[in-house]
Amino acid sequence: MTSLKDRIVLITGASSGIGAACAHAFAQLGSRLIISARRKERIEALVREIKEKHKTDVLGVQLDVQKQPDVESAFSTLPKEWQEIEVLVNNAGLSRGLDKLHEGKIADWEEMIDTNIKGLLYVSRAVIPGMVARGHGTVINIGSIAGQEVYPGGNVYCATKHAVDAITRGLRFDLVDSPVRVCTVDPGLVQTEFSIVRFRGDSERAESVYKKIQALKPEDVAEAVVFCATRPPHVQLAQVLILPTAQASTTLVHRKP
Ligand code: NDP
Ligand code: 8X3
């Protein structure tokens, strides 16, 4: 097992759900964390909570991954003691709506594409060169079962996660001659704020997604992420598909009667 004590882990989208759970899980290993998202108060609260609970170093960075110049400047101006990022968890992402494509909202498509695909690319471009130059590091992209399958109304969201899958595979080709590892963790249903965001605050509709099924908890996904990051250096866990036991595909979910 690779120890990540005192190593720097950068997590995007850490203000909620899977990203916040990853922050706690790596803090438990004694890692130093850079946690980022758009909601400043949430990030500041998480910095305080983690410092208090895990007594580890945490740097909060307010960042919208859709804004390439901001991404570039955030990571090129890191204080010297925060520059050697060992693990990048590309987690920031969202879905908007479940409209049929021919009735879809262009602004929703753009937000998903700009965040899930372009944001992940911008952060990767800013952080991975340092890993390559240092000769070690692990990139863990949070994909989705929606990157392997398509479901009704999932059109553009599924396309963005298929793109994440292609980018992950492409990056693995590009880094085959480097010790930097490239992994994807692809969850099924995880109960987070994901569906509240998708349905723009309609909590009843969001709740119905997880009704009568024991969905994954964000901590379940964080355990898989930590497992990928702590393998011995010669082991690259290329892809982890993690589903609730009652989910067989995006469309086959067994709900308790
Ligand atoms: P949450 O809504 O709970 O968390 C999403 C996180 O992404 C938040 O911290 C949010 O922070 C951040 N985020 C969204 N847009 C941006 C942006 N433009 N810039 C920076 N940060 C951003 O959902 P999850 O934890 O479930 O989602 C995390 C990842 O997991 C996503 O990539 C999602 O697609 C993926 N996923 C989720 C599944 C699920 O069932 N929940 C299943 C499979 C994959 P803020 O708003 O403060 O910026
Ligand atoms: C999130 C899982 O099935 O709601 O990526 O798209 S799903």
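See the structure above.
Below is a short write-up of the structure. Not measured: the values here are computed from a predicted model.

## Some details on the overall build of the protein
Logical step 1: Each helix and strand in the protein was counted, giving eight helices and seven strands.
Logical step 2: Its C-alpha atoms give the protein a radius of gyration of 18 Å, near enough to 18 Å, the size a compact globule of 257 residues would have.
Logical step 3: For the protein, the spread of C-alpha atoms along the three principal axes comes to 50 × 40 × 35 Å.
Logical step 4: Relative to its full complement of 257 residues, the protein shows a buried share of 51%.
Logical step 5: Within the protein, counting contacts between residues at least 6 apart in sequence, those at least 24 apart form 73% of the total.
Logical step 6: Computed over 32 positive and 30 negative side-chain charges, the separation of the two mean positions in the protein equals 3 Å.

## Some words on the nonpolar core
In globular proteins that are soluble, nonpolar side chains generally tend to be buried together.
Logical step 1: One finds Phe26, Leu33, Ile35, Val185 and Val225 to be the most contacted residues of the largest nonpolar core, which totals 37 residues.
Logical step 2: No other element matches helix α1 (residues 17-28), which puts eight residues into this core.
Logical step 3: Contact partners of Phe26, with chain neighbours within four places excluded, come to Leu4, Val9, Ile11, Ser31, Leu33, Val87, Val89, Val225, Val226 and Ala229.
Logical step 4: One finds Leu63, Phe75, Val127 and Val180 within the second-largest nonpolar core, a separate group that totals 22 residues.

## A few points about the site of ligand 2
Logical step 1: Contacts to ligand 2 come from Ser144, Ala146, Tyr151, Tyr157, Phe194 and Arg198.
Logical step 2: One of the side-chain N or O atoms of Ser144 is found 2.5 Å from an oxygen atom in ligand 2.
Logical step 3: Take Tyr157: an N or O atom from its side chain is 2.6 Å from an oxygen atom of ligand 2.
Logical step 4: Coverage of ligand 2 by the protein amounts to 87% of the 240 Å² it exposes when considered alone.

## Observations concerning the site of ligand 1
Logical step 1: Neighbouring residues of ligand 1: 30 residues in total, closest Ser15, Ser16, Arg38, Tyr157 and Thr192.
Logical step 2: Within the backbone of Gly13, a nitrogen or oxygen atom sits 3.0 Å from an oxygen atom of ligand 1.
Logical step 3: Within the backbone of Gly188, an N or O atom sits 3.4 Å from an oxygen atom of ligand 1.
Logical step 4: For ligand 1, whose free accessible area comes to 880 Å², the fraction covered by protein is 96%.
Logical step 5: More than half of the atoms belonging to ligand 1 lie within 2 Å of the grid points that define the largest pocket.
Logical step 6: Mapped by element, the contributors of at least two residues to the shell around ligand 1 are α1, α5 (155-174) and α6 (194-198).

## Thoughts on the packing of helix α3 (residues 68-76) against helix α4 (residues 106-134)
Logical step 1: For the pair α3 and α4, the least separation of the axes is 9 Å and the interaxial angle reads 25°. Regarding the angle of α3 to α4, the classification is roughly parallel. For the crossing formed where α3 meets α4, the hand is right-handed. Residues Gln68, Val71 and Phe75 of α3 form the contact with α4, whose participating residues are Tyr122, Val123, Ala126 and Val127.

## Let's talk about unusual backbone geometry
Logical step 1: The phi dihedral of Lys55 falls on the positive side, at around 55°, and the residue is not glycine.
Logical step 2: Note that Lys55 resides in the loop between α2 (40-54) and β3 (58-62).
Logical step 3: Phi is positive for Lys212, which is not a glycine, with a value near 60°.
Logical step 4: Summarising the element assignment, Lys212 is placed in the loop between α7 (203-209) and α8 (218-229).
Logical step 5: For Lys212, a relative accessible area of 48% puts it in the partly exposed group.

## Description of α1
Logical step 1: Between its first and last C-alpha, α1 extends 17 Å over twelve residues, near the 16 Å set by a 1.5 Å rise per residue.
Logical step 2: The buried count for α1 comes to ten of twelve residues, which makes it a mostly enclosed element.
Logical step 3: Where α1 is concerned, the buried positions are Ile18, Gly19, Ala20, Ala21, Cys22, Ala23, His24, Ala25, Phe26 and Ala27.
Logical step 4: For α1, the secondary structure elements touched by its buried residues are β1 (8-12), β2 (32-37), α2, β4 (85-90), β6 (181-187) and α8.
Logical step 5: With its phi angle positive at about 85°, Gly30 sits one or two positions after the end of α1.

About the thresholds
- Every residue gets a number counted from 1 within its own chain, in the order that chain's sequence is written.
- Going through the entries in the order they are written, you letter the chains from A and number the ligands from 1.
- Residues qualify for local features only when their pLDDT is at least 70, as the model is predicted, and side-chain atom pairs are given and counted only at 80 or more; totals for whole chains, interfaces and linings, by contrast, use all residues.
- Water and hydrogen atoms were dropped before computing side-chain values, which therefore reflect all heavy atoms in the structure.
- In this description a helix means any DSSP run of H or I spanning at least four residues, a strand means any run of E spanning at least two, and both kinds are numbered starting from the N terminus.
- When we talk radius of gyration, it's over C-alpha atoms, and the globule rule is simply 2.2 Å times the number of residues to the 0.38.
- Exposure classes here rest on a 1.4 Å probe applied to the protein chains alone. A residue is buried below 20% of its type maximum, exposed above 50%, and partly exposed in between.
- Contacts are residue-level and defined by heavy atoms, with any inter-residue pair within 4.5 Å sufficient.
- Counted as positive: Lys and Arg. Counted as negative: Asp and Glu, with His and the chain ends omitted from the count.
- Note on charges: their place is set at NZ of Lys, CZ of Arg, CG of Asp or CD of Glu.
- Joining through side-chain atoms within 4.5 Å is the link that ties buried Ala, Val, Leu, Ile, Met, Phe, Trp, Tyr and Cys residues into a set, and such a set is a nonpolar core.
- Whether a residue is near a molecule or strand depends on its heavy atoms: if one lies within 4 Å, it is near.
- Any pair of nitrogen or oxygen atoms within 3.5 Å is treated as a polar contact; in protein, a donor-acceptor pairing is required on top of that, and neighbouring residues in sequence qualify only through side-chain atoms on both sides.
- Reported accessibility uses the Shrake-Rupley method at a 1.4 Å probe radius. Residues are deemed covered only where the shown protein chains occlude them.
- Grid points spaced at 1 Å over the protein atoms alone were grouped into cavities, where a 1.4 Å probe fits but cannot get out, and pockets, open sets with protein on both sides within 12 Å along at least five of seven lines, with lining residues defined by an atom within 4 Å of a point.
- More than half of a molecule's atoms within 2 Å of the grid points is what it takes for that molecule to sit in a cavity or pocket.
- For helices, the axis comes from a line fit to the C-alpha atoms of the stretch in contact; other axes are also lines fit to C-alpha atoms, and the angle between any two N-to-C directions lies between 0 and 180 degrees.
- Orientation is classified from the angle alone, with under 35 degrees giving roughly parallel, over 145 giving roughly antiparallel, 65 to 115 giving roughly perpendicular, and any other angle giving oblique.
- It is the rotation of the near helix from the far one that decides the hand of a crossing: anticlockwise by less than a right angle makes it left-handed, clockwise makes it right-handed.
- One less than the residue count of a helix, multiplied by 1.5 Å, gives the span that helix is expected to have.

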